[in-house]
Amino acid sequence: MLGFQLTSAHAPVAHKAAPAGAVPNGVHKRTKVRSKSKKRDKDRAVKFIAETQDAMIQTGPTYKLPGAEKYIKSRMDLPIYQARVKLLLEISKAPTVIVVGETGSGKTTQLSQYIRDAGMDKGKMIACTQPRRVAAVSVANRVALETGCKIGSKVGYTVRFDDTTSRDTALKYMTDGMLLREAISDPKLSRYSVILLDEAHERTLMTDILFGVIKGVQKLRPELKVIIMSATLDAAKFSTYFDDCPVLYVQGRQYPVEILYTIEPQQDYVDSVFVTVLQIHQDEKPGDILVFLTGQEDIENVGALLQDASEKLDPKFGKLVVRPIFAALPPEQQMKVFEPVPKGSRKVVLATNIAETSITINGIRYVVDTGLVKAKTFNPNLSVESLMAQPVSQAQARQRTGRAGREAPGVCYRLFSEDLFRTLDSTTTPEIVRCNLASAVLNMKAMGVDDIIHFDFLDKPTTESLRAALMLIFSLGALDASGKLTTLGRRMARFPIEPQLAKTLISAERLGCVEEILTIVSMLSAPSIFFIPFNKREEVDLSVMKEFASLYGDHLTYLNVYKAYRQNKGNKTWCKDHFINMKSMKTVLDTRGQLAELCRKSNIEIRSSSDTDNIRKALVSGFFYNIAVLQDDGTYHPVSNRTEVALHPQSVLKGQKPKYVLYHELVKTKRYYLRVATVIEPEWAAEAAPTYFARTIT
Ligand SMILES: Nc1ncnc2c1ncn2[C@@H]1O[C@H](COP(=O)(O)OP(=O)(O)OP(=O)(O)O)[C@@H](O)[C@H]1O
């Protein structure tokens with residue numbers, strides 16, 4: 001059989017190497033912590049750790065656990081190991097420190113262990129936050145292995161709707177959002193002695209709010225240690241914000257990563273990815289490939305192309321095994337990227353920026369970076385969120401490069417030119433200045449932050465977006481006229497879901513339909529319910545229309561899907577035949593169980609009603625902001641603004657075009673779409689929010 005040939009439509013992608021030192025650290029060095037890793041030192045240190053206790057680091061407790069020994073050597077090979085004593089000394093001297101170290105140097109997995117082994121945890125928990133759940137879970141698993149314990153005992157993780165920690169847990173990896181939620185019930189974060197805020201450069205909304213909240217907690221508890229970590233942050237800016245705290249640099253990376261740029265700009269990045277992956281597969285040494293793309297659609301496209309090409313390849317090259325990872329993929333499927341593939345084949349992980357920071361995927365030697373990311377932006381005036389592809393920042397590109405070189409030397413193929421790299425923003429625009437802040441503002445109010453406008457933000461959000469968030473939660477009844485949290489607002493903040501969903505759930509009690517709303521809310525919170533193979537989109541649409549569609553719209557269609565799933569006891573064949581994603585449904589069941597538990601704790605009576613009016617009225621009580629009216633020209637206008645919008649192509653209402661619809665969200669892709677829509681009566685809106693509609697509908 002002939003080897004795969006690149007056709008003229010698939011011209012080879014030419015790359016050139018970056019000159020040495022092309023990726024500078026870019027930050028001013030204040031405290032240098034040098035690392036060396038010499039075999040002699042290592043052997044001596046292994047002996048030393050096994051037999052004695054370091055005066056600074058009482059390494060005994062974790063290193064001696066059965067199973068932990070086999071990781072001792074690899075842990076000691078990490079650049080951070082040589083720096084540990086100096087780091088701990090500096091940390092012991094200052095309430096807050098910033099640790100900057102190359103990707104893969106060992107910050108996330110090691111520093112929390114050193115702190116614990118040195119007894120600096122003082123019997124309380126150590127938290128290490130991550131912006132993404134996949135990172136929190138995978139890093140906790142790794143640290144559990146290194147310390148020879150089961151996940152959930154000494155080491156655990158807490159992410160939304162999944163908490164593996166126990167009374168024994170001393171090292172807790174968690175998403176930034178979960179630590180923020182804990183601050184609502186425990187404003188002094190009194191269970192923790194040390195908090196590590198990892199990947200601070202990502203500037204997620206939750207991490208940014210944590211910065212201010214934790215600064216506030218340190219005023220009440222000066223003994224609380226805070227460590228800000230990243231490979232690529234603007235250290236000077238962070239240091240100034242944290243009262244001129246010291247910046248510690250861990251030098252060195254374990255393995256080199258060669259960076260290659262394309263000579264020419266690439267017109268079609270999907271094609272360039274396809275060609276580059278095949279070039280690597282046919283020309284380079286064994287090793288898995290990690291590709292950064294913008295979203296599910298790209299990933300499915302490239303995945304299908306590569307699968308197809310793999311079938312046609314000369315068998316001497318071995319198969320390509322494609323593993324996707326993106327946010328809407330259920331967590332268990334995301335975790336498949338970490339699994340090994342059959343011997344002789346090569347794994348190609350197709351990822352969004354979800355795999356950009358913190359994680360180590362075994363076997364990755366090559367990174368292919370399109371230089372693009374889909375980023376959310378929120379327009380507070382239109383209340384519309386858009387998700388558009390845009391160039392990454394230099395910091396993001398470096399993080400992507402850093403996913404290689406973790407277990408062996410690597411190569412990063414940047415599908416853009418070096419000149420273009422130089423024009424990229426050096427850091428990522430913080431989410432707080434481009435996102436919907438409603439949930440964050442409600443949480444901050446629940447934490448007792450009354451004056452949101454004057455909160456100590458690292459970067460201040462715009463006044464319009466703060467005002468829009470405050471207006472929304474005020475209209476929902478969560479704030480009183482003086483801006484204080486009401487009893488309803490306090491109840492809403494107990495639920496880790498958007499304020500509109502929380503209000504819907506609480507209103508459902510009065511309407512006797514909490515069972516149904518619990519289901520709908522859980523379905524809306526889960527990643528895509530339908531597993532839609534690339535070439536079967538139309539077929540799925542038809543099957544959904546026929547079997548589950550409700551005349552009232554998408555929310556009630558979701559309810560029908562859930563009921564049918566339960567009736568069929570989640571049967572595998574039934575799910576497959578109906579394109580239902582089993583893993584997503586499992587997530588729905590878990591989420592539903594946890595929300596039901598929170599309802600019980602909040603004394604919300606869980607009753608069932610078959611009255612679809614009541615279910616839709618409950619939705620209106622939370623989503624009256626999201627109502628759109630059909631216009632004579634066949635388009636819709638949301639009542640909160642006059643933008644021209646359309647029902648989403650996947651809505652069951654798209655052929656029906658009812659006069660008034662409520663929608664879950666307004667998204668902008670190629671145009672403005674109403675996603676997840678339901679038919680409503682206009683008088684319900686006026687009943688649910690008389691003040692708002694007295695002003696809005698004229
Ligand atoms: N799951 C894993 N399997 C194999 N090796 C791992 C795993 N997790 C971590 N490592 C090893 O530990 C090293 C340090 O990882 P760690 O996440 O602590 O680094 P880091 O400095 O926090 O990196 P980053 O800035 O990229 O988050 C990796 O480079 C890798 O060699």
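Computed from a predicted model, the values in this text were never measured in an experiment.

About the criteria used
- Residues numbered from 1 in each chain as written.
- Predicted model: local features only at pLDDT ≥ 70, side-chain atom pairs only at ≥ 80, totals over all residues.
- Helix = DSSP H or I, 4+ residues; strand = E, 2+ residues; numbered from the N terminus.
- Buried ≥ 20, exposed ≤ 12 C-beta atoms within 10 Å, placed from the backbone.
- Contact = placed C-beta atoms within 7 Å.
- Near = placed C-beta within 6 Å.
- Domains from an automatic or database assignment.
- Core = buried A, V, L, I, M, F, W, Y, C linked by C-beta atoms within 7 Å.
- Pairing = 2+ DSSP bridges.
- Axes fitted to C-alpha atoms, helices over the stretch in contact; angles between N-to-C directions.
- Parallel < 35°, antiparallel > 145°, perpendicular 65-115°, else oblique.
- Left-handed = near helix turned anticlockwise from the far one by under 90°.
- Nonpolar A, V, L, I, M, F, W, Y, C, P; charged D, E, K, R; others polar.
- UniProt positions renumbered as here; feature names shortened; annotations may be inferred.
- Expected span 1.5 Å × (residues − 1).
- Arc of directions from axis to C-beta.
- pLDDT = per-residue confidence, 0-100.

Enquirer: Just to check I follow, could you spell out the overall build of the chain for this structure?
Expert: Counting secondary structure elements, the chain contains 27 helices and 23 strands. Residues classed as buried in the chain amount to 48% of the 698 residues present. Once local pairs closer than 6 in sequence are excluded, the contacts in the chain between residues at least 24 apart make up 76%.

Enquirer: Just checking my understanding: could you explain the site of the ligand for this structure?
Expert: In the vicinity of the ligand, 20 residues are found, and the nearest of them are Gly 104, Thr 108, Thr 109, Thr 360 and Arg 406. In terms of residue count, helix H6 (residues 107-117) provides more of the shell around the ligand than any other element does, 4 residues in total.

Enquirer: Would you take a moment to explain the domain arrangement of the chain for this structure?
Expert: Interfaces are often described in size by the accessible area the parts lose on coming together. As assigned here, the chain comprises domain 1 (36-250), domain 2 (257-432) and domain 3 (494-688). When each unit is reduced to the centre of its C-alpha atoms, the spacing between domain 1 and domain 2 is 28 Å. The interface of domain 1 with domain 2 comprises 22 residues on the first partner and 18 residues on the second. Sorting the residues of the side of domain 1 that touches domain 2 by element identifies helix H7 (133-146) and helix H9 (205-220) as the ones contributing at least two each.

Enquirer: I keep staring at the nonpolar core and nothing clicks. Help me out?
Expert: Most often, soluble globular proteins have nonpolar side chains that are buried together. Counting 198 residues, the largest nonpolar core has Val 99, Val 291, Val 349, Ile 473, Leu 505, Ile 517 and Leu 674 as its most contacted members. Not counting chain neighbours up to four residues away, the residues in contact with Ile 473 comprise Ala 438, Val 441, Leu 442, Ala 478, Leu 479, Gly 489 and Pro 499.

Enquirer: Any chance you could explain unusual backbone geometry here in plain terms?
Expert: Backbone phi values are negative for most residues with the exception of glycine, while trans is the configuration of most peptide bonds. One non-glycine residue, Lys 122, lies in positive phi territory at about 50°. Looking at where Lys 122 falls in the secondary structure, it is placed in the loop between H6 and strand E4 (125-130). Of note in the backbone geometry, Phe 161 takes a positive phi value of approximately 65° without being a glycine. Relative to the helices and strands, Phe 161 resides in the loop between strand E5 (155-159) and strand E6 (162-163).

Enquirer: How do you make sense of the sheet that holds strand E1 (residues 15-17) when you look at a structure like this?
Expert: Within a sheet, adjacent strands bond to each other through the backbone by hydrogen bonds, running parallel or antiparallel. Read across the sheet, 7 strands follow the order E1-E11-E18-E15-E12-E14-E13 without closing on themselves; strand pairing throughout is mixed. Lying at the two open borders of the sheet, with one neighbouring strand each, are E1 and strand E13 (320-325). Mean inter-strand twist for the sheet, computed between neighbouring axes without regard to direction, equals 20°. Pairing between E13 and strand E14 (residues 346-351): 6 bridges, direction parallel.

Enquirer: Can you walk me through the environment of Thr 462 in this structure?
Expert: Its place among the elements puts Thr 462 in the loop between helix H16 (438-446) and helix H17 (463-475). For the pair formed by Thr 462 and Arg 434, sequence separation is 28 residues and the distance between their alpha carbons is 8.6 Å.

Enquirer: Honestly, the packing of H16 against H17 in this entry has me stumped. Any pointers?
Expert: The contact between H16 and H17 brings their axes to 8 Å, and the two run at 70°. If you check the angle between H16 and H17, you find them roughly perpendicular. Crossing hand, H16 versus H17: right-handed. Residues Ala 438, Val 441 and Leu 442 of H16 form the contact with H17, whose own contacting residues are Ala 469, Leu 470, Leu 472 and Ile 473. For the contact of H16 with H17, a count of residues per class yields 7 nonpolar, no polar and no charged.

Enquirer: Hey, could you run me through H6 in this one?
Expert: Since there are 3.6 residues in each turn of an α-helix, residues three or four apart along the chain are aligned in direction. Among the 11 residues of H6, 11 are classified as buried, and the element is accordingly described as predominantly covered. Three or more residues of H6 are buried, namely Lys 107, Thr 108, Thr 109, Gln 110, Leu 111, Ser 112, Gln 113, Tyr 114, Ile 115, Arg 116 and Asp 117. Among the residues trailing H6, Gly 119 stands out with phi positive, at a value near 75°.

Enquirer: Which parts of the structure should I look at to understand the UniProt feature "domain: Helicase ATP-binding" (unreviewed entry) in the chain?
Expert: In the numbering used here, UniProt assigns the feature "domain: Helicase ATP-binding" (unreviewed entry) to residues 88-251. The span residues 88-251 is 39% helix and 24% strand, and its two end C-alpha atoms sit 16 Å from each other.

Enquirer: Looking at this structure, I do not really get helix H12 (residues 296-312). What am I missing?
Expert: With 17 residues, H12 ought to run about 24 Å at 1.5 Å a step, and its terminal C-alpha atoms sit 25 Å apart, in line with that. Listed in full, the buried residues belonging to H12 are Gln 296, Asp 298, Ile 299, Val 302, Leu 306 and Ser 310. The arc that holds every buried residue of H12, seen down its axis, measures 145°, which confines them to one face. Of the exposed residues in H12, the ones pointing more than 90 degrees away from its buried face are Asp 308, Glu 311 and Lys 312.

Enquirer: What should I look at first to understand the confidence of the model for the chain in this one?
Expert: Caution is warranted with low-pLDDT regions, since their predicted coordinates should not be read in detail. The share of residues in the chain with pLDDT of 70 or more is 89%, and the mean pLDDT across the chain is 87. The low-confidence segment residues 1-9 (pLDDT under 50) makes 14 contacts with residues lying over four places distant or belonging to another chain. Predicted confidence for residues 20-38 stays below pLDDT 50, and this span has 38 contacts to residues more than four positions away or in other chains. Taken together, the chains of this predicted complex give a pTM of 0.82 and an interface ipTM of 0.98.

Enquirer: What exactly am I supposed to notice about the pairing of strand E23 (residues 672-679) here?
Expert: Both faces of the sheet carry side chains from a regular strand, because those side chains alternate between them. Pairing of strand E21 (residues 646-647) with E23, which is carried by 2 bridges, proceeds in the parallel orientation. Across the sheet, residue Ala 646 finds its bridge partner in E23, namely Tyr 673. Looking at chain direction, strand E22 (residues 660-668) and E23 are connected through 7 bridges and run antiparallel. Paired with Glu 665 across the two strands is Arg 675, which belongs to E23.

Enquirer: Looking at this model, I keep getting lost on the packing of H6 against H7. Mind explaining?
Expert: Two quantities define a packed helix pair, namely the angle between the helix axes and the distance between the axes. One can describe the packing of H6 onto H7 by two numbers: an axis separation of 10 Å at closest approach and a directional angle of 50°. Viewed along their axes, H6 and H7 adopt a mutual orientation that is oblique. Here H6 and H7 pass one another in a crossing that is right-handed. Only Val 139, Arg 142, Val 143 and Glu 146 of H7 make contact with H6, whose side of the interface consists of Thr 108, Thr 109 and Gln 113. Taken together, the residues of the contact of H6 with H7 sort by class into 2 nonpolar, 3 polar and 2 charged.

Enquirer: Hey, could you run me through the environment of Tyr 81 in this one?
Expert: Inspection of the secondary structure assignment puts Tyr 81 in helix H4 (residues 79-82). On the basis of neighbour counts, which here come to 22 C-beta atoms within 10 Å, the residue Tyr 81 falls in the buried class. Once residues within four sequence positions are removed from consideration, Tyr 81 is found in contact with Arg 75, Met 76 and Gly 106.

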